[in-house]
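This is what each chain is made of:
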Amino acid sequence: LAVRKRKERKAEAAARALPTFHKTRQAANDMLGDGVWDACVDVIASYCGGDHTHAHFVLAKAYGWQAWVEMNQPVYLKPRLLPPPGQLRNSLRWLREGPLAMTEEELKSALLTQPVPYMTNPAKKYKAARSCAPEQWRDAKVFRELLRREPKVLKLTWNCCYTDPLERDRVMGVLSSGESLHC
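Please read these numbers as outputs of a predicted model, since none were measured by experiment. The residue numbers shown here count from 1 along each chain, following its written sequence. This being a predicted model, a pLDDT of at least 70 is required before a residue's local features are given, and a value of 80 or more before pairs of side-chain atoms are given or counted; all residues contribute to the totals for chains, interfaces and linings. Side-chain metrics in this entry use all non-hydrogen atoms of the structure; hydrogen atoms and water are not considered.

Got a sec to walk through unusual backbone geometry? Specific residues and values, please.
Non-glycine residue Asn 72 carries a positive phi angle of around 65 degrees. Despite not being glycine, Asn 121 shows a phi value in the positive range, around 50 degrees. Exposure classes here rest on a 1.4 Å probe applied to the protein chains alone. A residue is buried below 20% of its type maximum, exposed above 50%, and partly exposed in between. Overall, Asn 121 belongs to the partly exposed group, its relative accessible area being 38%.

As structure tokens, then:
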């Protein structure tokens, strides 16, 4: 009981950090059932250095809860369901202990920029992204360095060699340096 109360106090403190966290957490508890949101937050925080504020933000952003709450919970737009905490734990464990061996800071950065590919079956996405990557980035070490610089690469799972070169910037995006992201 004491541990549960302490966790609830930590979750409430993180929720008070930003005004929408409390509303988001309450809406998620109403829709999903009590404890689901907090369990997912605890899993993310445990792999990201215990930062509950970061975990709330990542969940709210990744699954559309923050936008839905800020829009006064419209009926025509529903947020996506959260993954089960066990599945989320397995995904984050794979990111920390698998071939990517991400540090806490790398994982926090990746979850802030592209949360969904990193939280839902990253092993499958990693294999698919490496299989369609250009030859110079297929090596595991080189691909890991590319992911550190550009976390969105994990969601790129198709080769655009046959697309129109003039359309690639629009479709693929550009790197933070302003350079085009090549196929």
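Describe the packing of aromatic side chains, and please don't skip the residues or the numbers.
How two aromatic rings sit relative to each other is set out by the distance from centre to centre and by the angle between their planes. Any two rings among Phe, Tyr and Trp, with Trp reduced to its six-membered ring, count as a pair given centres within 6.5 Å; such a pair is stacked if its planes are under 30 degrees apart, edge-to-face if over 60, and tilted if neither. Counted by the stated rule, this structure contains 4 aromatic pairs. Taken together, a centroid distance of 6.2 Å and an interplanar angle of 75 degrees make the contact between Trp 37 and Trp 65 edge-to-face. Taken together, the residues Trp 37 in helix 3 (residues 36-47) and Trp 65 in helix 5 (residues 65-70) connect sequence positions 28 residues apart. Within the aromatic cluster, the residues linked to one another by ring pairs are Trp 37, Trp 65 and Trp 68. In DSSP terms, a helix is any run of H or I states spanning at least four residues, a strand is any run of E spanning at least two, and both are numbered starting from the N terminus.

Could you give an account of the packing of helix 6 (residues 85-97) against helix 7 (residues 104-113), naming the residues involved and the relevant values?
It is the contact of helix 6 with helix 7, at a shortest axis distance of 10 Å, that shows an interaxial angle of 130 degrees. Accordingly, the angle class assigned to the pair helix 6 and helix 7 is oblique. For helix 6 against helix 7, the interelement crossing comes out right-handed. Seen from helix 6, the contacting residues are Leu 92, Leu 95 and Arg 96; seen from helix 7, they are Glu 104, Leu 107 and Leu 111. Only the stretch in contact is used when fitting a helix axis, every axis being a line fitted to C-alpha atoms; angles between N-to-C directions are given from 0 to 180 degrees. An angle counts as roughly parallel when it lies under 35 degrees, as roughly antiparallel when it exceeds 145, as roughly perpendicular when it falls between 65 and 115, and as oblique in every other case. Take the far helix as the reference: if the near one is turned anticlockwise from it by less than a right angle, the crossing is left-handed, and if turned clockwise, right-handed. For this analysis, residues touch if any pair of their heavy atoms sits within 4.5 Å.

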